[in-house]
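# Analysis of the macromolecular model
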Amino acid sequence: MTEEKNLSTKYNPQEVEAGRYEKWLEQDLFKPSGDQKAKPYSIVIPPPNVTGKLHLGHAWDTTLQDMLIRQKRMQGFDTLWLPGMDHAGIATQAKVEEKLRQQGISRYDLGREKFVDQVWEWKEEYASHIREQWAKMGLSLDYSRERFTLDDGLSEAVRKVFVTLYEKGLIYRGEYIINWDPQARTALSDIEVIHKEIEGAFYHMSYELADGSGVVEIATTRPETMLGDTAIAVHPEDERYQALIGKKVILPLVNKEIPIIADTYVDMEFGTGVVKITPAHDPNDFEVGNRHDLPRVNVMNENGTMNDLAGKYAGMDRFEARKAIVSDLKEIGRLIKIEKMIHNVGHSERTGVVIEPRLSTQWFVKMAPLAEKAMKNQETDDAVEFFPPRFNQTFLRWMENVHDWVISRQLWWGHQIPAWYHKETGEMYVGMEAPENSEEWVQDPDVLDTWFSSALWPFSTMGWPDENSADYQRYFPTSTLVTGYDIIFFWVSRMIFQSLEFTDRRPFENVLIHGLIRDEQGRKMSKSLGNGIDPMEVIEKYGADALRWFLSNGSAPGQDVRFSYEKMDAAWNFINKIWNASRFVIMNSEGMTVEDITLTGEKTVADRWILTRLNETIAKVTELFDHFEFGEAGRQLYNFIWDDFCDWYIEMSKEVLYGDDAVSKQTTQSILVHTLDQILRLLHPIMPFVTEEIWQHIPHQGTSLVVADYPVVHPEFNDETASKGMEVLKELIRSVRNIRSEVNTPLSKPITLMIKINDPKIGQFLTENTSYIERFCNPEELTISSEIVAPDLAMSAVLTGAEIFLPLAGLINIEEEIKRLEKELAKWTDEVKRVQGKLGNERFVANAPEEVVEAERAKEKDYLDKQAAVTERIRSLRTIQ
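Residues numbered from 1 in each chain as written. Predicted model: local features only at pLDDT ≥ 70, side-chain atom pairs only at ≥ 80, totals over all residues. Heavy atoms only, no water.

Right, let's talk about the overall build of the protein for a bit. The helix and strand inventory of the protein stands at 28 helices and 29 strands. When its C-alpha atoms are laid out on the principal axes, the protein stretches across 110 × 65 × 50 Å. If you take every contact in the protein between residues at least 6 apart in sequence, the share linking residues at least 24 apart comes to 77%. In the form shown here, the protein has an accessible surface area of approximately 39,500 Å², with 48% of it arising from carbon and sulfur atoms. Distance between charge centres in the protein, computed from 99 positive and 141 negative side chains, equals 3 Å. (Helix = DSSP H or I, 4+ residues; strand = E, 2+ residues; numbered from the N terminus. Contact = heavy atoms within 4.5 Å. Areas by Shrake-Rupley, 256 points an atom, 1.4 Å probe, with all protein chains shown as cover. Lys, Arg positive; Asp, Glu negative; His and termini not counted. Charge placed at Lys NZ, Arg CZ, Asp CG, Glu CD.)

Let us now look at the domain arrangement of the protein. By domain assignment, the protein separates into domain 1 (13–147 + 453–495 + 506–542), domain 2 (181–358), domain 3 (564–701), domain 4 (722–807) and domain 5 (814–879). Domain 1 and domain 4 are separated by 57 Å when their C-alpha centres are compared. (Domains from an automatic or database assignment.)

What follows concerns the UniProt feature "short sequence motif: 'HIGH' region" (unreviewed entry) in the protein. Here, the residues flagged by UniProt with the feature "short sequence motif: 'HIGH' region" (unreviewed entry) are residues 48–58. End C-alpha atoms of residues 48–58 are separated by 8 Å, and the span's content is 27% helix alongside 0% strand. (UniProt positions renumbered as here; feature names shortened; annotations may be inferred.)

For the rest of this paragraph, the subject is a negative patch on the surface. A surface patch of negative charge is lined by Glu156, Asp466, Glu467 and Asp504. Checked against the element boundaries, Asp466 lands in the loop between helix 13 (457–460) and helix 14 (470–475). Since its relative accessible area comes to 42%, Asp466 is described here as partly exposed. (Patch = residues over 30% accessible without salt bridge, like charges linked within 9 Å, V, L, I, M, F, W, Y side chains within 5 Å. Salt bridge = Lys/Arg side-chain N within 4 Å of Asp/Glu carboxyl O. Buried < 20%, exposed > 50% of the residue type's maximum accessible area, 1.4 Å probe, protein only.)

Let us look at the nonpolar core. By size, the foremost hydrophobic cluster in this structure holds 141 residues, and its most contacted members are Phe645, Leu732 and Leu766. With twelve residues, the top contributor of residues to this core is helix 20 (residues 630–657). In contact with Leu766, other than residues within four places in its own chain, are Val728, Leu729, Leu732, Ile755, Ile757, Ile773 and Ile784. With 54 residues, the next largest nonpolar core counts Leu165, Ile171, Val365 and Phe508 among its residues. (Core = buried A, V, L, I, M, F, W, Y, C linked by side-chain atoms within 4.5 Å.)

Let us now look at helix 3 (residues 56–74). Here helix 3 spans 27 Å end to end across 19 residues, near enough to the 27 Å set by a 1.5 Å rise per residue. Extensive coverage of helix 3 is indicated by the burial of 17 of its 19 residues. One or two steps after helix 3, the chain reaches Gly76, where phi turns positive at roughly 95°. (Expected span 1.5 Å × (residues − 1).)

Our next topic: the side chain of Gln378. Mapped onto the elements, Gln378 comes out in the loop between helix 10 (368–377) and strand 15 (385–387). Overall, Gln378 belongs to the buried group, its relative accessible area being 14%. If we skip the residues at most four places from it in the chain, Gln378 touches Ala383, Val384, Phe386, Asn392, Phe395 and Leu396.

The alternating pattern of strand 8 (residues 215–220) places Val216, Ile218 and Thr220 on a buried face, while none of Val215, Glu217 and Ala219, on the opposite face, is buried. Bridging between strand 7 (residues 193–209) and strand 8 involves six bridges; their strand directions are antiparallel. The residue of strand 8 that forms the bridge with Tyr203 is Thr220. Linking strand 7 to strand 8, which pair antiparallel, is a turn of five residues; within it Gly212 sits at a positive phi near 75°. (Pairing = 2+ DSSP bridges.)

This part is about the sheet that holds strand 29 (residues 802–806). If you walk across this open sheet you meet the four strands as 27-26-29-28, and the pairing is mixed. Each edge of the open sheet carries a strand with a single partner, namely strand 27 (779–785) and strand 28 (795–799). Each adjacent strand pair in this sheet contributes to an overall mean axis angle of 15°, direction not counted. As paired strands, strand 26 (residues 751–757) and strand 29 are joined by four bridges and run antiparallel to one another. Paired with Lys756 across the two strands is Glu803, which belongs to strand 29. On the sheet, helix 24 (residues 760–768) packs against strand 26, strand 27 and strand 29 and is oriented at approximately 145° with respect to strand 26. This element, helix 25 (residues 770–777), spans strand 26 and strand 27 of the sheet and lies at about 140° to strand 27. (Axes fitted to C-alpha atoms, helices over the stretch in contact; angles between N-to-C directions.)

Where helix 19 (residues 605–626) meets helix 23 (residues 720–742), the axes come as close as 9 Å, and the angle between the chain directions of the two elements is 110°. In terms of their interaxial angle, helix 19 and helix 23 are classed as roughly perpendicular. Residue-level contacts link Val605, Ala606, Arg608, Trp609, Thr612 and Glu616 of helix 19 to Ala722, Ser723, Met726, Glu727 and Lys730 of helix 23. Within the contact of helix 19 with helix 23, the residues separate by chemical class into five nonpolar, two polar and four charged. (Parallel < 35°, antiparallel > 145°, perpendicular 65-115°, else oblique. Nonpolar A, V, L, I, M, F, W, Y, C, P; charged D, E, K, R; others polar.)

The next thing to look at is the sheet that holds strand 20 (residues 441–443). With antiparallel pairing, three strands are arranged side by side in an open sheet as 19-18-20. Edge positions in the open sheet fall to strand 19 (428–430) and strand 20, since each of these has one partner strand only. Neighbour-to-neighbour, the strand axes of this sheet turn through a mean angle of 30°, independent of strand direction. The pairing of strand 18 (residues 419–422) with strand 20 spans three bridges and is classified as antiparallel. Following the sheet pairing, His422 is matched in strand 20 by Trp441.

Our focus in this paragraph is the packing of aromatic side chains. If you walk through the whole model with that rule in mind, you get 41 aromatic pairs. Ring geometry for Phe628 versus Phe630: centroids 6.3 Å apart, planes at 70°, classification edge-to-face. Here the two residues Phe628 and Phe630 agree in accessibility, since each one is buried. In textbook terms, an aromatic cluster arises when at least three aromatic residues are bridged by ring pairs, as seen for Phe162, Tyr166, Trp363, Trp405, Phe452 and Phe497. Positioned over the ring face of Trp405 is Arg494, at 4.1 Å from the centre of the ring. (Phe/Tyr/Trp six-rings, centres within 6.5 Å; stacked < 30°, edge-to-face > 60°. Lys NZ or Arg CZ within 6 Å of the ring centre and 35° of its normal.)

Here the focus is unusual backbone geometry. Peptide bonds are, in most cases, trans, and in most cases residues other than glycine have a negative phi. Going from Phe387 to Pro388, the amide bond is cis rather than trans, its omega being -5°. Omega for the bond connecting Trp464 with Pro465 falls within 30 degrees of zero, at 20°, which places this linkage in the cis form. Tracing the backbone through its elements, the reader meets Pro465 in the loop between helix 13 and helix 14. Of note, the phi angle at Phe628 is positive, near 60°, even though the residue is not glycine. Inspection of the secondary structure puts Phe628 in the loop between helix 19 and helix 20. Positioned with a positive phi, Asn778 is a non-glycine residue whose angle comes to about 50°. Topologically, Asn778 is positioned in the loop between helix 25 and strand 27. According to the relative accessible area criterion, Asn778 is partly exposed, its value standing at 22%.

Quick look at the structure:
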């Protein structure tokens, strides 16, 4: 059943793709099959943030997932691809606050409840944009199961995880350094901090050793924080300071002793190699302080003024205190020099003031036991398999060195921490719901880090914590996660340890890690460089299929890919080639039905060869998909479709199609349709729109390619003789065309063609298929014999099992012909060297499959024969110079 009589004369992606996605949705083709006998295969989409448009990285990520799901669906798996989005607390709140600021409103003017209502409105608007983009990309998602990280079910899962970890002692409250806006008196996320280059200074000062044996020099850009110093540090391997480790110095102006510690955080090459450690006012110093159990002395108030711990500087603005401290250091002889510099300083996106790193009480996850469980699991049969495998080491290294995870954020948009404090007693309660007499309690105002909820994504989306949920029982653990290497730490690692902790299972069997999309020059795409590419604009120009083809063929797993419009042109050209070849097949199979397709009749050598090549391509592409080697799978498809099917088989089929034998014609028509049908099925996971459009115009059974069977190998069609013979025939035709080109003899001009046979089987094959030689070489005189003596004045070429000579008297320059043959000899000599190097490698011969070794030995013989024949031809030409 076909949709229309003919394809339009020109490939127009907008025309092809218009309305097709809606048809698929109307037919409910993207839902799981529900076949309980089928093996389940599931993917949960890495949820995009509801902050704006999807970028090329999303397009790449989702294309690879769609390819896997579409292929598995066609292979008969019960597939689920679950869509959803992330509330992205920090990023989304910042966007909405920015929008409100443009209206002259702050979130404080609205209050928490009304502000959150505004964010929900934003979410609904941008979620609809994302769905439109998913549709444009052709993603076969089951929208009936769409989830959001703040929906009721996921919110319950988040509370369950928080409360359970707290009860196990794996969640606790502690102090942490945050970005603080002293003017707005609020914590800021990293995204709300703008870094600007400003003029500052390095203030060099000396700290006296407590034993009076000398001084050490340090430099800082923030002298006002020295009042909170609790140590100075050197690198443990710095030979200059080995004798000082463990000693004490006197903190100037404060006149208290603080220790000299050793820590690898110190850069020996930078400055003096000695740094002040102020754990309450610097995030790096905070980490150093944790490692060395240093006290945290906070010398500043919320509004950026100095507090009582700052002594005589109490009440001063931080920058006024800086001036006073520098002046006092100079007065007591502790200021060595002031070195002017330009440096990057964080400013509040909201108020524009310089942000202050500040000590604050936060919620943490204790990571050591969770990390240990995740690392041990990688040694079991339930391990997560990384592609490429090197990323397993990246994961393990991070787990080995992981620090406790700060999970609280001073935001209003997100999962509010399920902890309450009694208004009078200060008692804390942590639970799934508010405590009884909730009016006497106040809930912790902070929300959880976005990664806390997205870490639960693979199982919370399936209905957990209800372990009897049908989807959880059927589709968890999920099959494959596809994501970029830039979020292994942020997301992949957290999903693994949370899943192991709460389900005792890995969250996914495989993780396919891809790289980043860069511009033509290899630069990361960014707003500042202005080199970002909107995938929707690319689709507008080239169509989704061309973009998907480029993205699927971009690189090997784990590697970055460079985007260029030249590559998009090549992708479009490939689809156009398929379109034109399909039009040829459709026009030459007009009136045929599925019942007319027969592959049992007597076949030409070209018929037998293309079916053999089709089997080889199906086997290779299926294997490569299973190993996520999409770039190589694309290369195999491209070569088979462009070279074998379009350039060779279609041309050879004209011999029969334009002939008078009706039976042979039906067989060739059938093989054309069958081969095109199988090509469309192989390509469908990569380019779904154009393949569906073409497939609907050829004889087929079923409603849609989406649920058609994926190609499998048919061993009965393998024909090694036809395959080898066709390779010689193609080699012959190419060689004749090349020689004609070199001596400017067009195909329309008949020539004399002599074929000297060195292998009787090749001779028999060529004799039986002279019709192809006559069609593609246009000889007026054709001789095929083992008795041919090479003419003196002839162009020649060496084939597998044969040599060809084209006596073209008057057109040949013997010197030029010798030069041409010497280039050919160098090529065969290199091939001999390469294959003999491989066969000379004992490890290769011992470990490679026997058929692979035998294939290399066959190549060696072939290359040696060609090398000898070209050598002999050069020798004979030199004798007549």
